[in-house]
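# Summary of structural features
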Amino acid sequence: MKKTILAMAMAAPLALSAASANAETLKIGMSQYPEGLHPTLVSNVAASYILSTSYRNSVIYGKDWLLQCNTCVEVPTFENGLAELITLEDGREGIKMTVAIKDDLFWGDGTPVTTKDILLGYNISVDERVGNPGLQEAKTVEKVVALDDKNFEVYLNKVTFKYNTFVPDALPAHIDGPLYEQDPASYPKTTRYATDPTNPGLYFGPYVLTKVNAGSFITATPNPHWKGKAPSFDELIFKTVENTAALEAHLMSGSVDYLPGELGLSLDQVQQLEKRHSGKFNVHYEPGLLYEHLDTTMDNPHLAKKEVRQALLYGANRQQLVDKLFGGKQPVANTNVSPRDTTYYADVKSYEYNPEKAKELLKQAGYTLKKGVMVDGEGNELHLELMTTAGNKTRELVQQVLQSQWKQIGVKVSIVNQPARVYFGETLNQRKHKGLAMFAWYSSPESPPRTTLLSTNIPTEENGWSGQNYIGYKNPAMDELLNKVEKELDTEKRNKIFHEIQKIYAEDLPALPLYFRSDSFVKPKWLEGVTPTGHMFPSSNWVEEWYSTKK
């Protein structure tokens, strides 16, 4: 019975699109294909960008960098009385939030969004058998209690200043509930988001996904049960072209209309495109919290030495790199915190280009220069793999520059790249990178780097590869500060702790900072309503505001 109802619901938007004489399609070009489409179990920009048109997280940071509710009536705060400090049964301090779900939210098959969906989302997020990358953070939620179909309580097992970001997200209990309950360990494979991603009952945003061609394109059409502002476009096509030079060619040929800044072309490519085709597109550069860096791995005996990590940064002329590639529009990073963030602290250890100092540090670490290559006391060459996403023209150029510069200080570098879906879907998540891994982290404003630096967030087979500390970084002082900053509710005191975190980061260099990227949006002249955010929640969260001025 359910199959028949869902099939009919899915056919409705397709028929509408085909029947409309003035149907408008927006073809969006993307440099990455998502490794999956599950809202909780997949953590990458490509998935977030597409899903934000058809699915909504409960609480997000808005275009104004303030918290806003998508599924709830009002963001719970201490000020409005919807959040309060409590003492848990075991004596620990915690927080209780009371949340109401909006009455006008419906899955794409017409089923209302209720507390059953919130409970499923919560249970999946904290179940170790499932393997959620954000498992450790999700466990901050001690329990969720449904009061009725539209109201529930969230209990946190600690005090955290980010408390109201811990409202669980909804997952379709009427579809995925039985699959999860039957076999939680197999759920990542049996979920309908993996086996039947065009099932409209999986989505409750302005659109539903109606076609999925793995590795190539995804199509979305309007959700017939969406009660918010009606989207203007009858069809969205997300087309993946992982080679960025080819992606630009698709834009120029008209096979894609729009390149989003979140995962389109790099800033240098957009600058060149703007010069060559002046006036053909509307181009917007949005600086933000996008941190381009090199993850190290503490499993590598060379990179486990702090002197080696510091030497690599002294041996990289990052200022020259950003000046030549990006016209100086992307600032060199000293830590993982952007100058745009309110927690930014400038007075940290910095690494100017100084190859002689780099060589001296390597000697202090026990290396000697033999035939142009540094070797350790056992005769092992200082030879590192440098990995990133294959086909990304800018990253590949950065790799070549770093390879050349590090050769000057006696460090051999081998470039080994992978398709984004393999790189993000398996290599990083399972800590298979052997040397340096280049990629970018998006973050929300005022975000402690707990998932990436806390020692308990190192992914292992035993914990189901949960956590994003791919580096394997362990520092008790950092752990203490990360735990301390989270529960500090006083803004001034909290910022001082953030500053200490940045000092340790700049000294330890668990990752090598490169620069903070600016998102580069390339829009056709007729596309309006797109508002870049500069943080981890993409502009597609407001897709219903996009419209065409074509007549």
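Structure report, in brief. (Residues numbered from 1 in each chain as written. Predicted model: local features only at pLDDT ≥ 70, side-chain atom pairs only at ≥ 80, totals over all residues. Heavy atoms only, no water.)

## Section: the overall build of the chain
The following threshold applies: Helix and strand assignments follow DSSP, with helices taken as H or I runs no shorter than four residues and strands as E runs no shorter than two, numbered in order from the N terminus. Our radius of gyration looks at C-alpha atoms and nothing else; its globule reference is 2.2 Å times the residue count to the power 0.38. Any residue under 20% of the maximum accessible area for its type is buried, any over 50% is exposed, and the rest in between are partly exposed; the area is computed with a 1.4 Å probe on protein chains only. Contacts are assigned to residue pairs with any non-hydrogen atoms lying within 4.5 Å of each other. Only the protein chains shown count as covering a residue, and every accessible area follows the Shrake-Rupley method with a 1.4 Å probe. Positive charges come from Lys and Arg, negative ones from Asp and Glu, while His and the chain ends are left out of the count. Each charge is placed at NZ for Lys, CZ for Arg, CG for Asp and CD for Glu.
The number of helices and strands found in the chain is 17 helices and 19 strands. Here the C-alpha atoms of the chain give a radius of gyration of 24 Å, agreeing with the 24 Å that 2.2 N^0.38 yields for 551 residues. By principal-axis analysis of the C-alpha atoms, the chain measures approximately 75 × 65 × 40 Å. By the burial criterion, 57% of the 551 residues in the chain qualify as buried. Pairs at least 24 residues apart make up 70% of the contacts formed inside the chain by residues separated by at least 6 positions. Summed over all atoms, the accessible surface of the chain reaches about 22300 Å², with 49% contributed by carbon and sulfur. Of the side chains in the chain, 58 bear a positive and 66 a negative charge, and the two mean positions are spaced by 6 Å.

## A look at helix α13 (residues 393-407)
As a reminder, the rule being used: What a helix is expected to span follows from its residue count: subtract one and scale by 1.5 Å. Each direction from the helix axis to a C-beta atom contributes to the arc, which is the arc of those directions.
Spanning 15 residues, α13 covers 21 Å between terminal C-alpha atoms, matching the ideal 21 Å at 1.5 Å per step. The set of residues buried in α13 consists of T394, R395, V398, Q399, L402, Q405 and W406. The buried residues of α13 occupy one face: seen down the axis, they fall within an arc of 140°.

## Description of the sheet that holds strand β16 (residues 436-442)
The condition is simple: Being paired, for any two strands, means DSSP has found at least two bridges between them. Throughout, an axis means a line fitted to C-alpha atoms (over the contacting stretch in the case of helices), and angles, computed between N-to-C directions, take values from 0 to 180 degrees.
Strand order in the open sheet made by the 5 strands is β15-β14-β16-β11-β17, with mixed pairing throughout. Looking at the sheet topology across the chains shown, the edges are occupied by β15 (412-415) and β17 (511-524). Recorded for the sheet is a direction-independent mean angle of 35° between the axes of neighbouring strands. Relative to β16, strand β14 (residues 383-387) runs parallel, the two being bridged by 2 bridges. Bridge pairing links M387 to A437 in β16. Sheet contacts for helix α10 (residues 306-314): β14, β16 and β17; angle to β17, the most-contacted strand, approximately 45°.

## Points about the sheet that holds strand β4 (residues 83-87)
Overall, antiparallel pairing links the 4 strands, which are arranged β4-β5-β7-β6 in an open sheet. The open sheet terminates on both sides in strands that have one partner only, identified here as β4 and β6 (141-146). On average, adjacent strands in this sheet sit at an angle of 25° to one another, irrespective of strand direction. Pairing of β4 with strand β5 (residues 93-100) involves 5 bridges; the strand directions are antiparallel. From the neighbouring strand, T87 faces β5, where its bridge partner is E93.

## So, the pairing of strand β11 (residues 281-295)
Counting buried positions along β11 gives 11 out of 15 residues, so the element sits mostly inside the fold. Across 13 bridges, β11 lies against β17 in antiparallel orientation. Within the sheet, the bridge partner assigned to E286 lies in β17 and is D519. As paired elements, β11 and β16 share 6 bridges and run antiparallel to each other. Paired with H293 across the two strands is F439, which belongs to β16.

## Quick word on the nonpolar core
The line we're drawing: In these notes, a set of buried Ala, Val, Leu, Ile, Met, Phe, Trp, Tyr and Cys residues joined through side-chain atoms within 4.5 Å is what counts as a nonpolar core.
Of all hydrophobic cores here, the largest spans 67 residues; its most connected members are L26, M97, F238, Y258 and W546. Among residues more than four places away in sequence, those in contact with W546 are L26, I28, Y49, S232, F233, Y258, L527, E528, G529, V530, S539 and S540. Formed by 46 residues, the second largest nonpolar core is a distinct cluster that contains L312, L362, V398 and L436.

## Some points on unusual backbone geometry
The bulk of non-glycine residues show a negative phi, and the bulk of peptide bonds are trans. The phi dihedral of E446 is positive, around 50°, even though this residue is not glycine. Structurally, E446 can be placed in the loop between β16 and α15 (450-453). A relative accessible area of 16% places E446 in the buried class. Even without being a glycine, L509 presents a positive backbone phi close to 50°. Among the structural elements, L509 can be located in the loop between α17 (491-508) and β17.

## Points about the pattern of salt bridges
Where charged atoms from two side chains of opposite charge come close, those side chains can pair. Defined as follows: Salt bridges, as used here, are contacts in which a Lys or Arg side-chain nitrogen is within 4 Å of a carboxyl oxygen on Asp or Glu.
Scanning all chains against the criterion turns up 23 salt bridges. A salt bridge links K63 to E545, with the nearest nitrogen and oxygen atoms 2.8 Å apart. In this pair, K63 sits in the loop between β2 (59-61) and β3 (67-69) while E545 sits in the loop between β18 (527-528) and β19 (547-548), placing the two residues 482 residues apart along the sequence. Given the relative accessible area of 29%, K63 is considered partly exposed. Owing to a relative accessible area of 29%, E545 belongs among the partly exposed residues under this scheme. The shortest N-O distance in the salt bridge between R395 and E292 comes to 2.7 Å. Linking R395 in helix α13 with E292 in strand β11, this pair joins segments that are 103 residues apart in sequence. We note that R395, like E292, is buried. Through salt bridges with shared partners, one network takes in E137, K158, R450 and E486.

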